[in-house]
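Descriptive structure summary
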Amino acid sequence: MDMKNDKPLVIIAHPLPEEWLEGIRTMCELVIGPEEATSFPKRLYERLDQADGLLTLLIDRIDEAFLARAPHLRVVSNMAVGVDNIDLQACTRRGIPVGNTPGVLTDATADLTMALLLAAARRLPEAAADAREGRWHKWEPAGWLGADLQGATLGIVGMGKIGGAVARRAAGFGVRILYADPGERLDLEAETHAARVNLDELLHNADFVTLHVPLEPATRHLIDRQALRQMKPSAVLVNASRGPVVDMQALHQALTEGWIASAALDVTDPEPLPPDHPLYGLPNCLILPHIGSATQGTRRLMAEMACQNLQAGLGGQRLPYCANPSVYG
Ligand code: DGY
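Residue positions are counted from 1 within each chain, in the order its sequence is given. In view of the model being predicted, local features appear only for residues whose pLDDT reaches at least 70, and side-chain atom pairs are presented and counted only at 80 or more, with totals across whole chains, interfaces and linings using the full set of residues. Only hydrogens and water are set aside; all other atoms, that is, all heavy atoms of the structure, feed into the side-chain values.

1. Focus on the overall build of the chain
Of regular secondary structure, the chain possesses eleven helices and twelve strands. The globule rule is 2.2 Å times the number of residues to the power 0.38, and the radius of gyration it is compared with is taken over C-alpha atoms. For a compact globule of 329 residues, the expected C-alpha radius of gyration is about 20 Å, and the chain comes in at 22 Å, within 12% of that figure. Classification of residues uses two cut-offs on accessible area relative to the type maximum, computed with a 1.4 Å probe and protein chains only: under 20% is buried, over 50% is exposed, and between them is partly exposed. In the chain, which comprises 329 residues, the proportion classed as buried is 50%. Note on contacts: a residue pair qualifies if any of its non-hydrogen atoms lie within 4.5 Å across the two residues. Pairs at least 24 apart in sequence give 57% of the contacts found in the chain among residues at least 6 apart. A run of DSSP states H or I qualifies as a helix once it reaches four residues; a run of E qualifies as a strand once it reaches two. Both are numbered from the N-terminal end.

If you want it as structure tokens, here you go:
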């Protein structure tokens, strides 16, 4: 029989570099999941009834049934800004604060968005493959022609922290910026000359559309057949938010039938996208394995914030970065 020692038991669903866990190692008994697990490891379920805290990744689904197995849970700390993998209402009903990591990944994600945008605009994956695979015969005056950013229209869907950071970067490339968001961003309008429009107008007018909305019922398949149909045949779609914001089947049709020119995706639905997925076969679709926040500094900061949230939750204090503040009444 497992005896609970006097330190709080914290389950870390997936291994993280040792040095990222310095903040909590001494104050907790840690149970760490196996490297190969692609979601919350089944074998850790038997420890849930003793768990005081959880450190999760966006691949761990925390719902009502899961929480029912963890009656002593005092804090869930998600090492991500997005919390669509967690049933926040179920946690709130049980009085469990949920931590996330806002802010620290804004710049890294905005940088990657610009990389995707530029790669798709200038057809980097196709050009690189041609060079590597022997199709570079001479300097081609009309070969590998891409789209100009200077003077083009960029549509930003979701002008939160990350959308705003993309707007600031893109302004330096001389694009005209439109954005669709329920709230106004007057600060950015002054700084970047961004103009707020509705989604239809944005889709009609943008040469580049980039998505930065959280995944919620209202944003699932926000970019569906109808939305893709409204875009220009020369348009580029970039998604660095959450995969299900785009209807992947409709996107495949849009790319094969020329409704839009190309797509660059850091996120897919499902994740990982299986290797035989038809989107991989399209030269006008660039797919990355969800690496928006993957810089050394950013991931370390995310882990630090996740540990701070855990520490606070275990100590009965308000989480410094809390995704369900209504838990505190
Ligand atoms: C997040 O934090 O939500 C990103 O998608 C992963 O860094």
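2. With respect to the site of the ligand
Around the ligand sit Leu58, Ala80, Val81, Gly82, Leu105, Arg242, His290, Ser293 and Met302, and that is every residue in its neighbourhood. As used in this structure description, the phrase polar contact means that two N or O atoms lie within 3.5 Å; if the pair is within protein, one of them must be able to donate a hydrogen and the other to accept it, and residues adjacent in sequence are counted only when both atoms belong to side chains. The contact in question runs from an oxygen atom of the ligand to an N or O atom on the side chain of Arg242, over 2.6 Å. Between the ligand and the protein, one listed contact pairs an oxygen atom with a side-chain N or O atom of His290 at 2.8 Å. Alone, the ligand offers 230 Å² of accessible surface; in the complex the protein occludes 90% of this. Throughout, the ten residues Ala, Val, Leu, Ile, Met, Phe, Trp, Tyr, Cys and Pro are labelled nonpolar, Asp, Glu, Lys and Arg are labelled charged, and all others, Gly among them, are labelled polar. Of the residues belonging to the shell around the ligand, the class tally is five nonpolar, three polar and one charged. By convention in this text, a residue qualifies as near a molecule or strand provided that one of its non-hydrogen atoms is within 4 Å of it. Note on areas: Shrake-Rupley, 1.4 Å probe, and residue coverage restricted to the protein chains presented here.

3. What to know about the pairing of strand β1 (residues 9–12)
The two faces of β1 match: Leu9 and Ile11 on one face and Val10 and Ile12 on the other face are all buried. When DSSP finds two or more bridges between a pair of strands, those strands are recorded as paired. Pairing of β1 with strand β2 (residues 29–32) involves four bridges; the strand directions are parallel. By the bridge assignment, Leu9 is partnered in β2 with Glu29. Summarising the sheet, β1 and strand β3 (residues 53–56) pair through three bridges and their orientation is parallel.

4. Observations concerning the sheet that holds β2
Ordered in space as β2-β1-β3-β4-β5, the five strands form an open sheet in which the pairing is parallel. Strand pairing shows two members of the sheet lacking a second neighbour, β2 and β5 (98–99), which therefore form its edges. Relative to strand β4 (residues 75–78), helix α11 (residues 296–314) is tilted by about 175 degrees, and along the sheet it contacts β1, β3, β4 and β5. The angle between two axes is taken between their N-to-C directions and runs from 0 to 180 degrees, where each axis is a line fitted to C-alpha atoms and a helix contributes only its stretch in contact.

5. Here we look at the domain arrangement of the chain
Domain ranges listed in this record stem from an automatic or a database domain assignment. When the domains of the chain are assigned, the result is domain 1 (9–104 + 296–328) and domain 2 (106–287). Relative placement of domain 1 and domain 2: their C-alpha centres are 32 Å apart. Summing both sides of the interface, domain 1 and domain 2 together bury roughly 510 Å²; the carbon and sulfur share of this comes to 48%. It is Leu58, Asp84 and Gly103 that lose the most area in domain 1 upon contact with domain 2, and together they represent 65% of the buried surface on that side. Note: buried area is the sum, over both parts, of the accessible area (probe 1.4 Å) each one loses when the two are combined.

6. Examining the sheet that holds strand β10 (residues 236–239)
An order of β8-β7-β6-β9-β10-β11-β12 is seen for the seven strands of this open sheet, with the pairing classed as parallel. The two strands at the open ends of the sheet, each matched to only one other strand, are β8 (195–196) and β12 (285–287). In this structure, strand β7 (residues 176–180) lies alongside β8, joined through two bridges in parallel fashion. For Leu178, the partnering residue across the bridge sits in β8 and is Ala195. Across the sheet, helix α4 (residues 106–121) is in contact with β6 (153–157), β9 (208–211), β10, β11 (262–265) and β12; its angle to β10 comes to roughly 155 degrees.

7. Side note on the side chain of Asn324
Examined against the element boundaries, Asn324 turns out to sit in the segment after α11. For Asn324, a relative accessible area of 3% translates into the label buried. Polar side-chain contacts of Asn324 include one of 3.1 Å to the side chain of Thr92. Beyond its immediate stretch of four places on either side in the chain, Asn324 contacts Leu88, Cys91, Thr92, Ile96, Pro97 and Val98.

8. A closer look at the packing of aromatic side chains
Centre-to-centre distance and the angle between the planes together describe a pair of aromatic rings. Centres within 6.5 Å make a pair out of two Phe, Tyr or Trp rings, where for Trp the six-membered ring is used; the pair is then stacked when the planes are under 30 degrees apart, edge-to-face when over 60, and tilted otherwise. Counted according to the given criterion, the structure contains three aromatic pairs. When the ring of Phe40 is compared with that of Tyr45, the centres are 5.7 Å apart and the planes differ by 15 degrees; the resulting orientation is stacked. Exposure remark for Phe40: the relative accessible area of 4% places this residue in the buried category. Judged by relative accessible area, which is 23%, Tyr45 ranks as partly exposed. Relative to Phe66, the ring of Phe40 has its centre 4.8 Å away and its plane inclined at 85 degrees; by these criteria the two rings are edge-to-face.

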